[in-house]
Amino acid sequence: MSLKFIKAGMQTSIQDAGRFGFMHQGISRSGAMDPLSLQLANCLVSNSINQAAIEVTLVGPTIEFMQNLSIAICGAEFDLTLNDKPVFNNETIHVNSGDVLAFKGLRKGTRAYLAVAGEFNIESLFGSQATHLTAGFGGYKGRQFGENDVLEIVSPREVELRDLPEAYRPTFSGNYLLRCCEGLEAEQFEQESLAAFYDTSYTISVDSNRMGLRLEGQAVPLNAPMSIVSSGLVQGSIQVPPSGLPIISSVDGQTIGGYPRIANVISADLTLLGQLKAGDKVSCLSVSRQKAWQCMEEKYRFLNALFSS
Amino acid sequence: MTTLSNINTSVPNISIHWNGDSAITLFFDAEAGEDLTRDILSLAEEYKSTFSESLIEAIPAYQSLTLCFDSQSIDPESIETSIKAILDNGFNDIATTTSRVIEIPVCYQGAYAPDLSSLAEYCKLSVDEVIQQHTQATYLVNMLGFLPGFLYLSGLADPLHCPRKKTPSLHVPAGAVGIGGNQTGVYPVGSPGGWHIIGQTPLSIFNPSAKQAFIAQPLDKIQFVPISIEQFEKVDQEQI
């Protein structure tokens, strides 16, 4: 009752919706970088929506199934094969014991989520099965998968084949607009700095990871060094260190921040952070906080329509 | 009602600011220390009981408290008012538990203290004087954060202040005791780090699968106690 990693991929780990309520102890949320794709994959195999799945990053794994299973893959588009025959994202797939699923070339996006109809035999730590990669706990032995690792699956179910309606299939162009609302220290930036920030088309740096996305391009001009009172660092915060090159904090980011925050990616757009990779282009668009709340409400409505169908 | 601008409360010295679209940070214009930390923790408890499930995180820092809300279960338009009402009506102090003094054994010798002599040189002190000053003080745990179980401590003696390394070390082991700027602390897990490593504790600062995952909580006091390499290795083996 298991699956085995013939090849592990670049950073393949167990992730769910993450940990909530432990930031005051230094424990960042961890969990899926793109929780929307995780939820869609879970939906296709009739799991609870935030259940743990396998997060695949840039270079995917090759997996042998040791039992019959229903699976689904959402998020980044890889060339997928099952026993060398093409299979696709966004639909339920039945696999048999001995079948081999391979994630080949990456076409679009950064992270894919492989959900399995059943549960991983993994203990929950701090309310979640997610792998906390920076601190080395949770998930499969506190780490990403390696070659020949075997993941046990309990209570597998065979589910009806279904596919995602067109409206729920995201496209990842590599060129994105991130909607942002005012950051905690935005008022401390000069007009010129704010204007430069919102006018710049940034490139995602290779030094980006699950802790944060580093932006390259025109540095935000800072005429004087800025010092701030450190405070809770929420996901999507865009900090400007003395170099002027912004950093967007993400799920594994530190819990308390020391650099001024110029802006915050709105909650409705946070899932996109999981699909950004080195070389992608992003621009930030300033929106009001009311607009951010509206976007979140629309997103919930949109998803509820699918999950309740 | 427009909530675009950050409003000040009528409670002196506390200001309320949005931190993104689903979190609010309160800044306290008062000196960091035991009294302020107690106030911040008390307020955090008050908000937890008021907002219950809709409050996902309450993150205290030296002079701030950040409240993160579940955007699905709150009315963002009214949240500022509710936060302000509690400040206006006053809040209860947390039960004053006698804060513990936790002893952390530290080996300040050999390979466990790679940066000790360079730090001593920078501070114009002898190695023994650095150890003496570091172990003499009692440090207050202001908050946990940055890494799981990392303790933000205050009380480092002025002569030991030393700017962070220009180039951070790629790997600092769990248990390493460092000094960076005016702060000292223990790395709870292995990570890159920019602090000068002056010693190492064999104790687990963060143990996720233990009942007591964290060695200390805010308002506890920390006392570093020097141990020899032999004692370090003995404790280290007992823990396995």
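Procedures and definitions
Residues numbered from 1 in each chain as written. Chains lettered and ligands numbered in written order. Predicted model: local features only at pLDDT ≥ 70, side-chain atom pairs only at ≥ 80, totals over all residues. Heavy atoms only, no water. Helix = DSSP H or I, 4+ residues; strand = E, 2+ residues; numbered from the N terminus. Rg over C-alpha atoms; globule rule 2.2 N^0.38 Å. Buried < 20%, exposed > 50% of the residue type's maximum accessible area, 1.4 Å probe, protein only. Contact = heavy atoms within 4.5 Å. Areas by Shrake-Rupley, 256 points an atom, 1.4 Å probe, with all protein chains shown as cover. Lys, Arg positive; Asp, Glu negative; His and termini not counted. Charge placed at Lys NZ, Arg CZ, Asp CG, Glu CD. Core = buried A, V, L, I, M, F, W, Y, C linked by side-chain atoms within 4.5 Å. Domains from an automatic or database assignment. Buried area = accessible area lost by both parts, 1.4 Å probe. Salt bridge = Lys/Arg side-chain N within 4 Å of Asp/Glu carboxyl O. Polar contact = N/O pair within 3.5 Å; in protein donor to acceptor, adjacent residues only side chain to side chain. Nonpolar A, V, L, I, M, F, W, Y, C, P; charged D, E, K, R; others polar. Pairing = 2+ DSSP bridges. Axes fitted to C-alpha atoms, helices over the stretch in contact; angles between N-to-C directions. Phe/Tyr/Trp six-rings, centres within 6.5 Å; stacked < 30°, edge-to-face > 60°.

(A) Region of the structure containing the overall build of chain A. When you go through chain A residue by residue, the secondary structure sums to three helices and 19 strands. Here chain A has a C-alpha radius of gyration of 20 Å; the compact-globule value for 309 residues is 19 Å, and the two agree. In terms of overall dimensions, chain A has a C-alpha envelope of 65 × 40 × 35 Å along the principal axes. Taking all 309 residues of chain A together, the buried fraction comes to 58%. Considering only intrachain contacts with a sequence separation of at least 6, the fraction spanning at least 24 residues in chain A is 76%.

(B) Expanded view of the overall build of chain B. When helices and strands are tallied, chain B shows five helices and 13 strands. Taking the principal axes of its C-alpha atoms as reference, chain B extends roughly 65 × 40 × 35 Å. By the burial criterion, 55% of the 240 residues in chain B qualify as buried. Taking contacts inside chain B between residues at least 6 apart in sequence as the whole, the part at least 24 apart equals 61%. Of the roughly 11,000 Å² that chain B leaves accessible, carbon and sulfur atoms contribute 50%. Positive and negative side-chain charges in chain B, numbering 11 and 27 respectively, have mean positions lying 6 Å apart.

(C) Quick look at the nonpolar core. Judged by nonpolar contacts, the single largest core of 56 residues is most densely connected at A:F126, B:I104, B:L151, B:F206, B:I222 and B:F224. Here this core takes four residues from strand β6 (residues 139–144) of chain B, the largest share from any one element. Ranked by size, the runner-up nonpolar core spans 29 residues in total, among them A:I73, A:L82, A:V95 and A:V116.

(D) Just the domain arrangement of chain B, in detail. Residue and element names in this part refer to chain B. Domain annotation for chain B reports domain 1 (2–88) and domain 2 (101–238). At the junction of the two partners, domain 1 supplies eight residues and domain 2 supplies nine residues. Counting each side, the surface lost to burial between domain 1 and domain 2 is near 780 Å², with a carbon and sulfur contribution of 65%. The largest contributions to the domain 1 side of the interface with domain 2 come from E34, T37 and Y62, which together make up 63% of the buried area. A salt bridge links E34 to K221; the shortest N-O distance between them is 3.6 Å. The tally of links between domain 1 and domain 2 comes to two residue pairs in polar contact (both at pLDDT 80 or more). When contributions to the side of domain 1 that touches domain 2 are tallied by element, the ones reaching two or more residues are α1 (34–51) and β3 (55–61). It is α1 that provides the largest number of residues to the side of domain 1 that touches domain 2, a total of four residues. Its residues assigned to classes, the side of domain 1 that touches domain 2 comprises four nonpolar, two polar and two charged.

(E) Region of interest: the sheet that holds strand β4 (residues 64–69) of chain B. All names here are of chain B. Pairing is antiparallel in the open sheet, where four strands are placed in the order β1-β2-β4-β3. Two strands in the sheet have a free side with no partner beyond their single neighbour: β1 (14–18) and β3. Each strand axis lies, on average, 15° off the axis of its neighbour in the sheet, ignoring direction. With five bridges connecting them, β1 and strand β2 (residues 23–28) associate as antiparallel partners. By the bridge assignment, H17 is partnered in β2 with T25.

(F) The packing of aromatic side chains, seen in detail. Residues and elements named next belong to chain B. Overall, the coordinates contain 22 aromatic pairs over all chains when judged by the stated rule. Plain terms: the ring middles of F150 and W195 are 5.8 Å apart, the flat faces sit at 70° to each other, and that makes the pair edge-to-face. Here F150, found in the loop between β6 and β7 (151–154), pairs with W195, found in the loop between β11 (191–193) and β12 (196–200); they are 45 residues apart in sequence, far enough to count as distant. Like W195, F150 is buried. Taking the centre distance of 6.3 Å and the plane angle of 70° together, the rings of Y187 and W195 count as edge-to-face. Feature note: the residues Y62, F146, F150, Y152, Y187 and W195 constitute an aromatic cluster, connected by ring pairs.

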